[in-house]
Amino acid sequence: MSILGLREFHPFEAAGRRYVYLVPSAAVFALDDCSEAVLKELDAGPRAAADLAQDLGARFDRAEVSDTIAELQRVRLLGEVDKPSAFAPGASADKKGLSPPATPKIVPLRPVPLQTLVVNVTNQCNLACTYCYEYGEDKIVDTENGQQPKFMSEETARESVEFALRESRENRHAHITFFGGETLMNFPVLKSTIAYARRRAAEVGKDIDFSLTTNATLLQPDVIEFLASERVGVTISIDGPEDMQDKFRVFNNGQGSYAMAAPKIKALLARHRSRPVGARVTLTKQTLDVRRIYKHLSEDLGFWEVGFAPVTTAPGRDYAISDGGFDHLLEQFRALATEYLEASLQNRHHGFSNVRETLQEIHQGHAKAYPCGAGIGLMGVSTDGRVALCHRFAGSDDHGLGTVRDGVSWPKQQAFLDAHHVSNKTDCATCWARPICAGGCYHEANTRYGSTERPNLHYCEWIRGWTHTCLEIYGELAARNPGFLRQFDDQPTERVS
Amino acid sequence: MKHLTAINRKAARMEEVTRTEASRPEGAKDVVALQQGPPQQPEPPHIPNGCSLVFSPGWEADRNGGTAGLCQPVERDLFDCHMGCFWPAQVPDQLNHAPDWTAKCAAAQKDWRKIDLIFPDEKK
């Protein structure tokens, strides 16, 4: 007789309904009373199917229980204990009868079309933010005294365009994100590159679009006019109201940048209506008041969307967020996510982009083999035309894949994919959040642990807590306003921060 | 499914796949490799029938590195291998003893179940 045990899943409740998030498939199902009862019975340990039907006989009839068991087996919520999981045929079940969790290691066998090329048009910046990953204490490339030019030449920029179009392969669409340093310090090259790229894309029959990230201090009227008329997507790095912004986002002389940035942001938001403008906030130990930051950026300045990311740093820095800080951060995120939920239930816009992005991933149900598109659908180019995993590694020899002139090396890319697959990360093998996290940012891991291959263990609790919150919001919306979720049917564009 | 409700898109896709499994009578197993399900990959450019002479990629992997588009659906081997490729497929002798063994099978991929089983004539 077959003995049944639970497979991997994460249960959650919302709007009075019970749900499960399946691992590693990333599917979300709602349970009825009978399926919940079966799962509860099996929580104590594996049982024979016949015994289950007997024990539940007082509440459900036999046929109903066996129907339910069949359904649960079909979606791999249950499995036969003596049969190993299909993805780990050699492994045997543990004491509790749980099949060993595993994610199948499927590595692309041929180059994947490039979706986004991040072009670092300069490595210079007019600000001197203390925590900067490019210039600060944790930098990995010597941008000041290194070999690379301070500004990308027009020629290298054009070669980058050719590279992006070529590597987009069978895709009709290509996307270029301009990055820095401070991107707008090389505005002339940016401007001519967009014109060149539009012409070349039309010649080869592709669509191309553009975005950039800036600190807003150089948004002169002619720049704003250009960005608006050319429909360039803009993300602004800003940390909140004046007292928070000026803690770390300072000029070389230590003077804060808020007074210069804020009026320019207002001018941009007033003119640039062709694409939504987002704010990107770096959170530090000293600036953790998420709700206040959000309120200021969305209401006082008028940003359409605000996204938050904890600062990337080695653990000892005085702005590094501690374990307690992450708990506090999660509370704050939860409070703001509740606001998002309330707005979404009434079909009102709310610009907390972290929750929107996570909902999109939950809705699609992608089970990620890699935490992000770096080195697959996304790459970064340094000012001298070298191609690396992403913009954060641009110019680093250790993380290079090739050059825009000679192309990237597929064997190198394959070696990268082979070494960074989530199934290599043993710490992640027992985590239910791995379909969505897959170990987290390579650059963060490199800064924290000295290797891109390591999972980011310092924020596991935070990721699980946050994913659980977003699952609850997703479940709430699925029950109370399912039409709202339809906007997530389309694939997202890759976010760059 | 009655007891589970698919909520996200992945769950809906899983339900779609399991629906076909569930529609079979309980305990019935079928020959999976011979089924013509919905195409798993976009239609590749046409590749002529046949084996290695036309450089089709063989048995291990298809052009995309998967197994969904192998050079021949196996049921087509019944015809192609014994007539065109001289692959020693075990099929009846169409010239002498069983000229009509495929008469009810107009299209192998659809009608392979209707192919007659041929037994040696014991009277002779």
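Criteria and thresholds
Residues numbered from 1 in each chain as written. Chains lettered and ligands numbered in written order. Predicted model: local features only at pLDDT ≥ 70, side-chain atom pairs only at ≥ 80, totals over all residues. Heavy atoms only, no water. Salt bridge = Lys/Arg side-chain N within 4 Å of Asp/Glu carboxyl O. Helix = DSSP H or I, 4+ residues; strand = E, 2+ residues; numbered from the N terminus. Buried < 20%, exposed > 50% of the residue type's maximum accessible area, 1.4 Å probe, protein only. Pairing = 2+ DSSP bridges. Axes fitted to C-alpha atoms, helices over the stretch in contact; angles between N-to-C directions. Contact = heavy atoms within 4.5 Å. Parallel < 35°, antiparallel > 145°, perpendicular 65-115°, else oblique. Left-handed = near helix turned anticlockwise from the far one by under 90°. Polar contact = N/O pair within 3.5 Å; in protein donor to acceptor, adjacent residues only side chain to side chain. Domains from an automatic or database assignment. Buried area = accessible area lost by both parts, 1.4 Å probe. Nonpolar A, V, L, I, M, F, W, Y, C, P; charged D, E, K, R; others polar. Expected span 1.5 Å × (residues − 1). pLDDT = per-residue confidence, 0-100. Phe/Tyr/Trp six-rings, centres within 6.5 Å; stacked < 30°, edge-to-face > 60°.

1. Side note on the pattern of salt bridges
Where charged atoms of side chains with opposite charge meet at close range, the side chains can pair. Overall, the coordinates contain 28 salt bridges over all chains when judged by the stated rule. Between A:Asp67 and B:Lys2 there is a salt bridge whose closest N-O contact spans 3.3 Å. With A:Asp67 in helix α3 (residues 62-74) and B:Lys2 in the segment before β1 (4-6), this residue pair bridges two chains. Note on A:Asp67: relative accessible area 35%, which makes it partly exposed. Its relative accessible area of 63% is what places B:Lys2 among the exposed residues. A:Lys295 is the salt-bridge partner of A:Glu299, the closest N and O atoms lying 3.0 Å from each other. Residue A:Glu299 and its partner A:Lys295 are located together in helix α9 (residues 290-301), separated by four residues, close to a single helical turn. The class for A:Glu299 is exposed, based on a relative accessible area of 53%.

2. Some words on the sheet that holds strand β2 (residues 9-14) of chain A
Reading across from one edge, β2(A)-β3(A)-β4(A)-β1(B) is the order of the four strands in this open sheet, with antiparallel pairing throughout. A strand with exactly one partner marks an edge of an open sheet, and here the two such strands are β2 of chain A together with β1 of chain B. With direction set aside, neighbouring strand axes in the sheet form an average angle of 30 degrees. Strand direction decides the pairing type here: β2(A) and strand β3 (residues 17-22) of chain A, joined by six bridges, are antiparallel. Residue pairing for β3(A): A:Phe12 is matched across the bridge by A:Tyr19. Contacting β2, β3 and β4 (28-31) of chain A together with β1 of chain B, helix α1 (residues 33-43) of chain A crosses the sheet at an angle of about 100 degrees to β4(A). Taken strand by strand, helix α15 (residues 460-480) of chain A contacts β2, β3 and β4 of chain A, and its axis lies near 55 degrees from that of β2(A).

3. Examining the packing of helix α10 (residues 323-345) of chain A against α15(A)
Residue and element names in this part refer to chain A. In the contact formed by α10 and α15, the axes pass within 10 Å of each other and the chain directions differ by 15 degrees. By the angle class used here, α10 and α15 are roughly parallel. Between α10 and α15 lies a crossing of right-handed hand. For the pair α10 and α15, the contacting residues are Phe 326, Leu 329, Leu 330, Phe 333, Arg 334, Ala 337, Leu 341, Ser 344 and Leu 345 in the first and Trp 462, Gly 465, Trp 466, Thr 469, Ile 473, Glu 476, Leu 477 and Arg 480 in the second.

4. Things to note about the side chain of A:Thr358
Residue and element names in this part refer to chain A. Within the secondary structure, Thr 358 sits in helix α11 (residues 353-364). What makes Thr 358 buried here is its relative accessible area of 11%. A distance of 2.8 Å separates the side chain of Thr 358 from the backbone oxygen of Asn 354, its partner in a polar contact.

5. Section: the environment of A:Arg448
Residue and element names in this part refer to chain A. Assignment of secondary structure puts Arg 448 in helix α14 (residues 442-449). Remark: the alpha-carbon pair of Arg 448 and Glu 170, spanning 278 residues in sequence, is separated by 37 Å. Look past the residues within four positions of Arg 448 in its chain and what remains in contact with it is Thr 313, Pro 315 and His 458.

6. Description of the domain arrangement of chain A
All names here are of chain A. On domain assignment, one finds that chain A holds domain 1 (3-80) and domain 2 (116-414 + 459-489). Taken over C-alpha atoms, the centre of domain 1 sits 42 Å from the centre of domain 2. Each side of the interface is counted separately: domain 1 has 13 residues, and domain 2 has 12 residues. With both chains or domains summed, domain 1 and domain 2 bury close to 900 Å², and 70% of this area falls on carbon and sulfur atoms. Along the contact surface separating domain 1 from domain 2 lie zero salt bridges. Remark: the boundary between domain 1 and domain 2 carries three residue pairs in polar contact (both at pLDDT 80 or more). Elements supplying a minimum of two residues to the side of domain 1 that touches domain 2: β2 and β3.

7. Brief notes about the interface of chain B and chain A
On the side of chain A, 31 residues touch chain B, which itself brings 17 residues to the contact. Interface area for chain B against chain A, summed over the two sides, is near 2000 Å², with a carbon-plus-sulfur share of 57%. Seen at the junction of chain B and chain A, the total is two salt bridges. Between B:Arg9 and A:Asp489 there is a salt bridge, and its shortest N-O distance comes to 3.6 Å. Looking at the side of chain B that touches chain A, the elements with two or more residues in it are β1 and α1 (9-22) of chain B. Examining the composition of the side of chain B that touches chain A, we find that seven residues originate from one element, α1(B), more than from any other. Residue classes in the side of chain B that touches chain A are distributed as seven nonpolar, six polar and four charged.

8. A short note on helix α8 (residues 258-271) of chain A
Residues and elements named next belong to chain A. Taking 1.5 Å as the rise per residue, α8 with 14 residues should run 20 Å; its terminal C-alpha atoms sit 20 Å apart, in good agreement. By the burial criterion, the buried members of α8 are Tyr 258, Ala 261, Ala 262, Lys 264, Ile 265, Leu 268 and Leu 269. The inward-facing, buried residues of α8 contact α6 (221-229), β10 (233-237), α7 (242-248) and α9.

9. Some points on the confidence of the model for chain A
For chain A, per-residue confidence averages 91 on the pLDDT scale, and residues scoring 70 or more make up 94% of the total. For residues 86-101 of chain A, every residue scores under 50 in pLDDT, and the model assigns this stretch 28 contacts once sequence neighbours within four places are set aside.

10. As for the packing of aromatic side chains
We describe a pair of aromatic rings using the distance from one ring centre to the other and the angle between the two ring planes. Residues and elements named next belong to chain A. Throughout the structure, instances matching the rule amount to 18 aromatic pairs over all chains. Their ring planes at 70 degrees and their centres at 6.5 Å tell us that Tyr 131 and Tyr 319 sit as a pair that is edge-to-face. Within this pair, whereas Tyr 131 is found in the loop between β7 (116-120) and α4 (154-167), its partner Tyr 319 is found in the loop between β12 (305-310) and α10, the two being separated by 188 residues in sequence. Considered together, Tyr 131 and Tyr 319 belong to a single accessibility category, that of buried residues. When the centroid spacing of 6.0 Å and the interplanar angle of 40 degrees are considered together, the rings of Phe 326 and Trp 462 count as tilted. Of this pair, Phe 326 sits in helix α10 while Trp 462 sits in helix α15, and the two are 136 residues apart along the sequence.

11. With respect to unusual backbone geometry
All names here are of chain A. With an omega of 5 degrees, the peptide bond running from Val 23 to Pro 24 counts as cis. You can see Pro 24 is positioned in the loop between β3 and β4. The omega angle of the peptide bond from Gly 180 to Gly 181 is 20 degrees, so this bond is cis rather than trans. Among the secondary structure elements, Gly 181 is positioned in the loop between β8 (173-179) and α5 (187-204). Unusually for a residue other than glycine, Asn 347 sits at a positive phi of about 55 degrees. Take Asn 347: it is sitting in the loop between α10 and α11.

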